[in-house]
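The primary structure of each chain is shown beneath.
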Amino acid sequence: MTSPNMFITYVSDVARTVGFYRQLFGITPEFFPSPGFATFALGGGVDLALWSAHDVALADDVVRTSEVCLCLPGGAEAIEAQLNTWADHGVTVLEPPHDAVFGRTAVVADPDGNRIRIAPVD
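Since the structure is predicted, the reported quantities are computational estimates derived from the model, not experimental observations. (Residues numbered from 1 in each chain as written. Predicted model: local features only at pLDDT ≥ 70, side-chain atom pairs only at ≥ 80, totals over all residues. Heavy atoms only, no water.)

A. Local environment of the sheet that holds strand β4 (residues 46–51). Strand order in the open sheet formed by 4 strands is β1-β4-β3-β2, and the pairing between neighbours is mixed. Unpaired on one side and paired on the other, β1 (6–10) and β2 (31–34) mark the two borders of the sheet. Strand-to-strand, the axes of this sheet are offset by a mean angle of 15 degrees, without reference to chain direction. Where β2 and strand β3 (residues 37–43) come together, 2 bridges link them in antiparallel fashion. Each bridged residue has a counterpart across the sheet, and for Ser34 the counterpart in β3 is Phe37. (Pairing = 2+ DSSP bridges. Helix = DSSP H or I, 4+ residues; strand = E, 2+ residues; numbered from the N terminus. Axes fitted to C-alpha atoms, helices over the stretch in contact; angles between N-to-C directions.)

This is the structure in structure tokens:
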């Protein structure tokens, strides 16, 4: 059986979004061969890719149904603290902190409106 090992997020400007993710997550791209594609190694052979080849994926009428999620230990306080740190970097908050079935959570957006969730470790 095989498992997915790369998750692709469509962006309009890969270099700009690499800088945003570098600042937000404190990670550096492992592979950045061109202005249109970059990957971040997430561990365990899994990568997060940024790709600018699909402009239609960024159209305003396209529903975005996926999220990048940062799961943190430490409960509600850790979620709130991380959101405050990100707010200091000027992120757009799409969903302010609230309680969901799995615990405290919040959602911000990258420069293209892609969703990034903060959630507790399950």
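B. Seen up close, the pattern of salt bridges. Counted by the stated rule, this structure contains 7 salt bridges. Among the salt bridges present, the one from Arg115 reaches Glu95, with a minimum N-O distance of 2.7 Å. Highlighted residues: Arg115 in strand β8 (residues 115–120) and Glu95 in strand β6 (residues 92–100), separated in sequence by 20 residues. Given the relative accessible area of 22%, Glu95 is considered partly exposed. Note that Asp99 and Arg104 form a salt bridge whose closest N and O atoms lie 3.4 Å from each other. (Salt bridge = Lys/Arg side-chain N within 4 Å of Asp/Glu carboxyl O. Buried < 20%, exposed > 50% of the residue type's maximum accessible area, 1.4 Å probe, protein only.)

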